[in-house]
Amino acid sequence: MGDVTRIAALATLLIAAQVRTADPIKRGLKESDFPRTIKVADNVYTYEDFHAGDEQFTTTDMFVVTDQGVLVADGQGDPAASKGLVDAIARITSKPIKYVVICSDHGDHTGGNASFPSGVSYIIHPTSKAILDRQAAGQNGRAGRGGRDPSWTLPADAQLVSDKKTLTLGREPIEILFLGRAHTGGDLSVYLPRQKILFMSEIFLNRVFPAMRSAYPADWPGALAKAETMNANIYIPGHGFTEKGEVSKEELRAYHKALDAVIAEATRLHKAGVPVDEAIKQANWGEYASWTLAKSQGPIAIRKVYEQLDGKIQ
Ligand SMILES: [Zn+2]
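Residues numbered from 1 in each chain as written. Predicted model: local features only at pLDDT ≥ 70, side-chain atom pairs only at ≥ 80, totals over all residues. Heavy atoms only, no water.

Participant: Teacher, can you tell me more about the pattern of salt bridges here?
Facilitator: Oppositely charged side chains can form a pair if their charged atoms are brought close together. Taken as a whole and assessed by the stated rule, the structure comprises 18 salt bridges. Between Asp 133 and Lys 129 there is a salt bridge; the shortest N-O distance is 2.9 Å. Pair noted here: Asp 133 and Lys 129 are both in helix α4 (residues 126-136), with a separation of 4 residues, about one helical turn. A salt bridge links Glu 307 to Lys 304, with the nearest nitrogen and oxygen atoms 3.6 Å apart. Of the two residues, Glu 307 and Lys 304 both sit in helix α8 (residues 294-309), 3 residues apart, roughly one turn of that helix. For Lys 304, a relative accessible area of 13% gives the class buried. Salt bridges here are not isolated pairs; linked through shared partners, they connect Arg 20, Arg 207, Glu 250 and Glu 251. (Salt bridge = Lys/Arg side-chain N within 4 Å of Asp/Glu carboxyl O. Helix = DSSP H or I, 4+ residues; strand = E, 2+ residues; numbered from the N terminus. Buried < 20%, exposed > 50% of the residue type's maximum accessible area, 1.4 Å probe, protein only.)

Right under this line is the structure:
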């Protein structure tokens, strides 16, 4: 191999080796690259826009285009951001949005739902429906980050999925799955059996520190294990970047390891009898200390695992 060929080969290799991070700058991207639409398969796309807050990372949605309309999995955190998603879909297809699957009920994925056309059919887990209904009733009402539009409430005819539902849109079979309680308790995934693509929403946070404010630490690893057993070709996260097939499998595995490690560290401190506030100071997250949101989510994870171990989570 001549020098020029060798240099060219090396350059190709470097370009191919994406930095494994949720941080857009470390990844070699610019703010102006977002929001962006990524083609994952013939008729399957993800849409990535920045989450609100100091640390930049993406909130990632999926949409499936068929000749009978579009299914969207998750929205963005405020009406302007979700309008960006709706507009991005319109640039790909003139077909209408037929379904919106609420995979995560959190405000950063539902706060912009007012921007979806009226008349779309919502699909949601009963646990998430109860949470959204309670918020709408003003009890426990947490505004979505970035300004949830209070005019949107979940339509009464939303379809409930507590385990599994298969629908066919155009010729596309689409499975809505509950793999177990994870990040919210009502976590839904969307599986496309033809292309073997699994959109996991907040069950899978790609290189983002396990976020546990409303999580079920005893159940979450099991949901990840189920997803891994499905042996999909591509796993898509609800936060962090859309990856290519093999990398997405490695990153799902890396996330599972991170979650196990975080739970193990909190459990170690609990077993040693370290009081919760002291445990927050002592926690050693190892390599995960550099993951996006580690500083803000580390203490929350300690508190949540302590609650679990103290029998305070049903
Ligand atoms: Zn989120």
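Participant: How should the sheet that holds strand β8 (residues 164-169) be read in this particular structure?
Facilitator: Sheets are built from strands paired through backbone hydrogen bonds, the pairs being either parallel or antiparallel. One open sheet accounts for 5 strands, arranged β8-β9-β10-β11-β12; its pairing is mixed. A single partner strand is all that each edge strand has here, and the edge strands are β8 and β12 (234-236). Pairwise comparison of adjacent strand axes, ignoring direction, gives a mean angle of 20° for this sheet. Of the strand pairs in this sheet, β8 and strand β9 (residues 172-177) are connected by 6 bridges, and their pairing is antiparallel. (Pairing = 2+ DSSP bridges. Axes fitted to C-alpha atoms, helices over the stretch in contact; angles between N-to-C directions.)

Participant: Quick question: what am I supposed to make of the coordination of the zinc ion here?
Facilitator: Ideal donor angles around a metal are set by the shape: a four-donor tetrahedron calls for 109.5 degrees, a six-donor octahedron for 90 or 180 degrees. Here the zinc ion is held by the protein donor atoms Asp 108 (OD), His 109 (NE2), Glu 202 (OE) and His 239 (NE2), which lie 2.0 to 2.2 Å from it. As a motif over one chain, the donors of the zinc ion read D-H-x92-E-x36-H. Assessed through its relative accessible area of 8%, Asp 108 is described here as buried. Its relative accessible area of 1% is what places His 109 among the buried residues. (Donors = N, O, S within 2.8 Å, 3.2 Å for Na, K, Ca; no water.)

Participant: Even after reading the chapter, I still don't get the environment of Leu 198, so can you show me in this structure?
Facilitator: Within the fold, Leu 198 resides in strand β11 (residues 197-199). Using a relative accessible area of 0% as the deciding quantity, one classes Leu 198 as buried. Along the sequence, Leu 198 and Ile 236 sit 38 residues apart, while their C-alpha atoms lie 6.2 Å from each other.

Participant: Would you mind showing me how to read the pairing of β9 here?
Facilitator: Remember that side chains alternate between the two faces of the sheet whenever the strand is regular. In terms of residue burial, β9 counts as a mostly covered element, since 5 of its 6 residues are buried. Taking the residues between adjacent antiparallel strands as the criterion, β8 and β9 are bridged by 2 residues, where Gly 170 takes a positive phi near 60°. As paired elements, β9 and strand β10 (residues 189-192) share 3 bridges and run antiparallel to each other. Directly across from Glu 175, in β10, lies its bridge partner Tyr 191.

Participant: Just checking my understanding: could you explain α4 for this structure?
Facilitator: Residues lying three or four places apart along an α-helix face the same way, a consequence of the helix completing one turn every 3.6 residues. Among the residues of α4, those classed as buried are Ser 128, Ile 131, Leu 132 and Gln 135. Buried residues of α4 fall within an arc of 95° about the axis and therefore sit on the same side. Of the residues one or two after α4, Gly 138 is the one with positive phi, at around 90°. (Arc of directions from axis to C-beta.)

Participant: Whenever I open this one, the packing of aromatic side chains confuses me. Can you help?
Facilitator: Evaluated as defined, the whole model comprises 8 aromatic pairs. Geometrically, the ring pair formed by Tyr 288 and Trp 291 is edge-to-face, given 5.0 Å between the ring centres and 85° between the ring planes. Here Tyr 288 and Trp 291 have matching classes, each one buried. An aromatic cluster is defined as three or more aromatic residues linked by ring pairs; in this entry it consists of Phe 34, Phe 50 and Phe 241. (Phe/Tyr/Trp six-rings, centres within 6.5 Å; stacked < 30°, edge-to-face > 60°.)

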